[in-house]
Amino acid sequence: QVQLVESGGGLVQAGDSLRLSCAASGRTFSSYGMGWFRQAPGKEREFVAAITSNSGRTYYTGSVKGRFTISRDNAKNTVYLQMNSLKPEDTAVYYCAADPSGLAMRTAGFVYWGQGTQVTVSS
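From a predicted model like this one, the values you see are computed outputs, not experimental measurements. As a convention, each chain's residues are numbered from 1 in the sequence order in which they are written. Note on the predicted model: pLDDT of at least 70 is required for a residue's local features to be given, and 80 or more for side-chain atom pairs to be given and counted; whole-chain, interface and lining totals, by contrast, use all residues. Heavy atoms throughout the structure, all of them, feed into the side-chain values; hydrogens and water do not.

Only runs of H or I of at least four residues qualify as helices and only runs of E of at least two qualify as strands under DSSP, and these elements are numbered from the N terminus. Scanning the protein for helices and strands turns up zero helices and 11 strands. Along the protein, helices (α) and strands (β) appear in the sequence β-β-β-β-β-β-β-β-β-β-β when read from the amino end. We compute the radius of gyration from the C-alpha atoms alone; for a globule the expected value is 2.2 Å times N to the 0.38, where N is the number of residues. The C-alpha radius of gyration computed for the protein amounts to 13 Å, which stays within 12% of the reference 14 Å derived for 123 residues, consistent with globular compactness. Burial classification: accessible surface area is computed with a 1.4 Å probe over protein chains only, and a residue below 20% of its type maximum counts as buried, one above 50% as exposed, and the rest as partly exposed. Considering the protein as a whole, with its 123 residues, one finds that 44% of them fall into the buried category. Across the protein, contacts joining residues at least 24 apart in sequence account for 58% of those joining residues at least 6 apart. To measure how exposed things are, a 1.4 Å probe is used in the Shrake-Rupley method; for residues, cover is taken only from the protein chains shown. With the model as given, the accessible surface of the protein reaches about 6300 Å², and the carbon-plus-sulfur share is 46%. Of the charged side chains in the protein, 12 are positive and 8 negative; the average position of the first set lies 6 Å away from that of the second. Contacts were defined at the residue level, with two residues in contact if any of their heavy atoms lie within 4.5 Å. Only four residue types enter the tally: Lys and Arg on the positive side, Asp and Glu on the negative side; His and the chain ends are excluded. One atom stands in for each charge, and that atom is NZ of Lys, CZ of Arg, CG of Asp or CD of Glu.

By themselves, these observations are geometric and do not establish any function.
Pasting the structure below:
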């Protein structure tokens, strides 16, 4: 099992940048696919970005392509989400999640979740 703790959220203005971090416990972090999801008020949780266990592949939802970058540092047991050119519609609670298969291809594969960090973008 792995425990995930997100950090780096906050209140920013449109056009600003933020970097979210997700620190994972355990010695098997490098074998997990990792992902970021978000949930806005009144909406369902949605996929944002994912990265495979060996960082060989990354995936993004269309609305963040070109603005967000997911990366990982297996030596630090940490996954990051660099968010640039933030928009008010990016406002949400952002969750980090881990997929034991390492593939990070299916939402259902993410079985471990953090508590979330709030990102608020003002216009």
